Amino acid sequence: MEFKHLFSMILPMKLIWLPLLALSVFFGCTPKPIALLPEYPNTLMSPAATEELHGYTEENYDELLDLFRQNCRSSRTKKLYASTCKFAEGNVSNAAEFFKEHFSLYRIEPTAEKPILTGYYEPLLYGSLTPSERFKYPLYARPDDLLRIELSELFPELKNKRVRGRLVGNRVIPYLSREAINRNDLNASVICYVDSKVDRFFLEVQGSGRVKLDCGDDIFVGYADQNGHPYRSIGKELINRGILRKEEVSLQSIKQYLRDHPNDVENVLYANPSAVFFTKKSKPATGAMGFVLTPERSVAIDRRYIPLGALLFVQSDSVPYRVSRFVFAQDTGGAIRGAVRADMFMGYGERAERIAGALNAPLALWIALPKEYAYNREGSQKE
């Protein structure tokens, strides 16, 4: 999201002030984009005007302030919004004025990856703690032999880069692919067994969900780790095979094809070698920051480009879902690649699944930063 610092401007009275104060347009000259922060040199941003946020709806700033305060419980958020978090802890009489006075908005420049907004949801699966003819697909916890190597500890320039593998003799080799996991005994405990390998696959894609057990209990599960293999879209696989056209691809159309062609299920799923492992949770869907995700307020981002905890503004016109609002970067995902890329959490239930499954739309993205990160007139950033 990009916020341009403008001189104070008066919006129509029927609109609530946006949570920002914009910069001037520098006497008609467009300032050159600069790096978001020193830690994010590949994310370029430019000061943005509220006028760019055409079509945004009236914001609920009281709700936004409550969510911002919750976000400030994270050390990541406090690092990025130190002063604003302190102000938010105090007595804020007017939430809209708080955001206007303490934030500036910047537009995030797209990288090579296409700017896209997608959606995800909390799926419901059916399972059992013991295997049976119906419940025979294991939901694995993190394997005991899975190694995660933080490359930045050896090479600081590779911040947030990590590889996963397993030790064979004195060599670290890639961990098992999805197909190999399915064909071998895995060195991992089983959380439960579910009745559909397709639903299990989409649980991995979503990252968290709930399982209704045959005993009547519900358990929540969330992302624990993954096998280190790159994520490959099975939607693209079906396009490449001529089974679906690009405009036909959605969660619903993929599921329908797999239901209609049970003998092709494994072949299609194996096109994605990435596999996710889970852990039991005590609460519903949580993101990478450990917070319970808020429907249509929480997004997953690529943390190589956008810091977790950031206050963002997403804008996209899409049928059946149009959105123009503030959100929080609270999650990540293997398929989320690029600076202008977001995956919006839609919640739980049929509506959430329907919208999330069909959402694939062009995206414009802005970030709200404290005013101490303002541009100077030479187009550089000062803290």
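Residues numbered from 1 in each chain as written. Predicted model: local features only at pLDDT ≥ 70, side-chain atom pairs only at ≥ 80, totals over all residues. Heavy atoms only, no water.

### Brief notes about the overall build of the chain
Argument step 1. Scanning the chain for helices and strands turns up ten helices and 19 strands.
Argument step 2. For the chain, with 383 residues in total, the buried portion stands at 51%. (Helix = DSSP H or I, 4+ residues; strand = E, 2+ residues; numbered from the N terminus. Buried < 20%, exposed > 50% of the residue type's maximum accessible area, 1.4 Å probe, protein only.)

### Observations regarding the side chain of Gln226
Argument step 1. In this structure, Gln226 sits in strand S12 (residues 218-226).
Argument step 2. At a separation of 2.8 Å, a polar atom in the side chain of Gln226 contacts the main-chain amide nitrogen of Gly228.
Argument step 3. Residues in contact with Gln226, not counting those within four places in the same chain, are Leu146, Arg164, Ser274, Ala275, Val276 and Phe277. (Polar contact = N/O pair within 3.5 Å; in protein donor to acceptor, adjacent residues only side chain to side chain. Contact = heavy atoms within 4.5 Å.)

### A word on the sheet that holds strand S9 (residues 171-174)
Argument step 1. The sheet built from three strands is open, its strands ordered S7-S8-S9 with antiparallel pairing. In this open sheet, the two edge strands, each paired with only one partner strand, are strand S7 (147-150) and S9. Neighbour to neighbour, the strand axes of the sheet diverge by 55 degrees on average, direction disregarded.
Argument step 2. One ladder, built from four bridges, connects S7 with strand S8 (residues 162-168); its direction is antiparallel. Among the inter-strand pairings, Arg148 is bridged to a residue of S8, identified as Arg164. (Pairing = 2+ DSSP bridges. Axes fitted to C-alpha atoms, helices over the stretch in contact; angles between N-to-C directions.)

### Remarks on the packing of aromatic side chains
Argument step 1. Taken as a whole and assessed by the stated rule, the structure comprises 14 aromatic pairs.
Argument step 2. Summarising the aromatic geometry, the rings of Phe68 and Phe98 are spaced 6.1 Å apart at their centres and angled 55 degrees between planes, so their arrangement reads as tilted. Of this pair, Phe68 sits in helix H1 (residues 61-71) while Phe98 sits in helix H4 (residues 95-102), placing them 30 residues apart in sequence.
Argument step 3. Ring geometry for Phe98 and Phe103: centres 6.0 Å apart, planes at 75 degrees, overall edge-to-face.
Argument step 4. Aromatic ring contacts, followed pair by pair, group Tyr61, Phe68, Tyr81, Phe98, Phe99 and Phe103 into a single cluster.
Argument step 5. Over the ring of Tyr348 we find Arg210, and its NZ or CZ is 3.8 Å from the ring centre. (Phe/Tyr/Trp six-rings, centres within 6.5 Å; stacked < 30°, edge-to-face > 60°. Lys NZ or Arg CZ within 6 Å of the ring centre and 35° of its normal.)

### Thoughts on the confidence of the model for the chain
Argument step 1. Considering every residue of the chain, the mean pLDDT works out to 85; 86% of them sit at 70 or more.
Argument step 2. Across the chain, the element-wise mean pLDDT spans from 85 in S7 up to 98 in strand S10 (residues 190-194).
Argument step 3. Scored below 50 in pLDDT, residues 1-28 shows 119 contacts in the model against residues more than four places distant or in partner chains. (pLDDT = per-residue confidence, 0-100.)

### Here we look at H4
Argument step 1. By the criterion of burial, H4 is predominantly enclosed, with six of the eight residues buried.
Argument step 2. Of the residues making up H4, those classed as buried are Ala95, Ala96, Phe98, Phe99, Lys100 and His102.
Argument step 3. One side-chain oxygen at the N-terminal end of H4 lies 3.1 Å from the backbone nitrogen of Ala96; it belongs to Asn94.

### Comments concerning the pattern of salt bridges
Argument step 1. Enumeration over the complete set of coordinates arrives at 22 salt bridges.
Argument step 2. Glu63 is the partner of Arg297 in a salt bridge, and the nearest nitrogen-oxygen pair spans 2.8 Å. Residue Arg297 is found in the loop between strand S13 (276-281) and strand S14 (298-301), and its partner Glu63 is found in helix H1; the two are separated by 234 residues along the sequence.
Argument step 3. By relative accessible area, which is 33% here, Glu63 ends up partly exposed.
Argument step 4. A salt bridge links Glu296 to Arg351; the nearest nitrogen and oxygen atoms lie 3.4 Å apart. Of this pair, Glu296 sits in the loop between S13 and S14 while Arg351 is found in helix H10 (residues 350-358), placing the two residues 55 residues apart along the sequence.
Argument step 5. Using a relative accessible area of 16% as the deciding quantity, one classes Glu296 as buried.
Argument step 6. What makes Arg351 partly exposed here is its relative accessible area of 41%. (Salt bridge = Lys/Arg side-chain N within 4 Å of Asp/Glu carboxyl O.)

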